[in-house]
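Given next are the chains, with one letter for each unit.
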Amino acid sequence: MKRIVLLAHPAGHSLSPTMHNAALLHLDIPARYEALDVPPEGLPGAVEELRGPEFLGANVSVPHKVVVAQLVDELSGSADTVGAVNTVVNCGGHLTGHNTDGSGFLRGLADIGFDPEGSRVLLLGAGGAAKGVAAALLRAGVSRLAVYNRTTARAVELAETFSHLGPVEPVVAGGLEGSLGWAQLLVNATTVGMEHGVDTEASPLPGGLVPRQGVVVDLIYRPERTRLLRESELAGLVVQNGLPMLVYQGAEAFEIWLGRAAPTETMFAAIRTALL
Ligand code: NAP
């Protein structure tokens, strides 16, 4: 029996074992996926263990994504650009780090028929998820990407880091309302609105602002509809929560470990059941 593990801390709340074990079972693959709660001091040892022949690879989640990028032997282009790894593949003891968050996000956009090429995007947040989404959108050829963050300095830094990939700019004081006016896609990559967070009932748009046009994607999937998505739906906009990104980043990882198409319908169904 081959093994795939999730390295995270904490790891107990993750839905990844549910969707990956459903996929492995569906395709009759003799492997199992398990979540390991690995504190930071245990991370180097846990990554070394992945070189063993029983391991196909691993997923990596908070807070280890950046450190793992320094512990593997090689990085794919996506992981190198973002400086973070969410997927590791073991090939005969050689570990390669990938980042499937951005490509998973783009697959979710395709589901609602949104083609980012040539489009104008407003991204809220400048943390790990925002970086993956920003790099993917710039690589997909957006014509303008504005990044708004509570801590403006982090938006400025993100824009500087990714400026070689395409037209990205920080939103500075007073610029948010104007950005909402031209953006065709609004993406929330902050934690504002997340279940069990301090801001569950809040919107990431300050000052009572609401989106007025286009498509709104919130990377949050618990709750199913954040305040931002509820307000956007009321305004008649097309909305999507974080579930497609979650499933598709997992599907891309599955395809890297196993070299075959992931059964995404099975993965969606397993997660929807788990979220009931
Ligand atoms: P992170 O690195 O901790 O970044 C958090 C971001 O939220 C920062 O930009 C932070 O701004 C902002 N923020 C936090 N509290 C805020 C507040 N009260 N008001 C305004 N902004 C606030 O987190 P992450 O890993 O990027 O995750 C961000 C979100 O994406 C989470 O909800 C996570 O669940 C979701 N996510 C979803 C998927 C998926 O597959 N669907 C994948 C990855 C992440 P500051 O810089 O000012 O602190």
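Everything below is about the structure shown above.
The sections below set out a description of the structure shown in this document. (Residues numbered from 1 in each chain as written. Predicted model: local features only at pLDDT ≥ 70, side-chain atom pairs only at ≥ 80, totals over all residues. Heavy atoms only, no water.)

Before going further, it helps to examine the packing of aromatic side chains. Scanning the entire structure with this criterion turns up two aromatic pairs. Between Tyr33 and Trp257 the ring centres are 6.1 Å apart and the planes differ by 55°, which places this aromatic pair in the tilted class. Here Tyr33, found in strand 2 (residues 31-37), pairs with Trp257, found in helix 10 (residues 243-258); they are 224 residues apart in sequence, far enough to count as distant. You can call Tyr33 buried: its relative accessible area is 3%. The class of Trp257 is buried, set by a relative accessible area of 7%. An angle of 80° between the planes, with centres 5.6 Å apart, marks the rings of Tyr248 and Phe268 as edge-to-face. With Tyr248 in helix 10 and Phe268 in helix 11 (residues 264-275), this pair connects stretches of sequence that are 20 residues apart. Here the two residues Tyr248 and Phe268 agree in accessibility, since each one is buried. (Phe/Tyr/Trp six-rings, centres within 6.5 Å; stacked < 30°, edge-to-face > 60°. Helix = DSSP H or I, 4+ residues; strand = E, 2+ residues; numbered from the N terminus. Buried < 20%, exposed > 50% of the residue type's maximum accessible area, 1.4 Å probe, protein only.)

Our next topic: the pairing of strand 2. By the bridge criterion, seven bridges tie strand 1 (residues 2-8) to strand 2 in an arrangement that is parallel. Residue pairing for strand 2: Leu6 is matched across the bridge by Ala35. Taken together, strand 1, helix 1 (residues 16-26) and strand 2 constitute a β-α-β crossover, and its handedness is right-handed. (Pairing = 2+ DSSP bridges. Right-handed = clockwise from strand over helix to strand, strands pointing away.)

Of all residues adjacent to the ligand, which total 21 residues, the nearest are Ala129, Asn149, Arg150, Thr151 and Arg154. Contact distances for the ligand include 3.0 Å between an oxygen atom and a backbone N or O atom of Gly128. Secondary-structure elements contributing two or more residues to the shell around the ligand are helix 6 (128-139) and helix 10. Each residue belonging to the shell around the ligand can be placed in one class, and the counts come to ten nonpolar, eight polar and three charged. (Near = heavy atom within 4 Å. Polar contact = N/O pair within 3.5 Å; in protein donor to acceptor, adjacent residues only side chain to side chain. Nonpolar A, V, L, I, M, F, W, Y, C, P; charged D, E, K, R; others polar.)

With respect to the helices and strands, Asn241 occurs in the loop between strand 12 (238-240) and helix 10. Among the residues examined, Asn241 registers a relative accessible area of 10% and is labelled buried. Within the local environment of Asn241, its side chain forms a polar contact with the backbone oxygen of Glu224, the two atoms lying 3.1 Å apart. A polar contact of 3.0 Å, which involves the side chain of Asn241, links it to the backbone nitrogen of Leu243.

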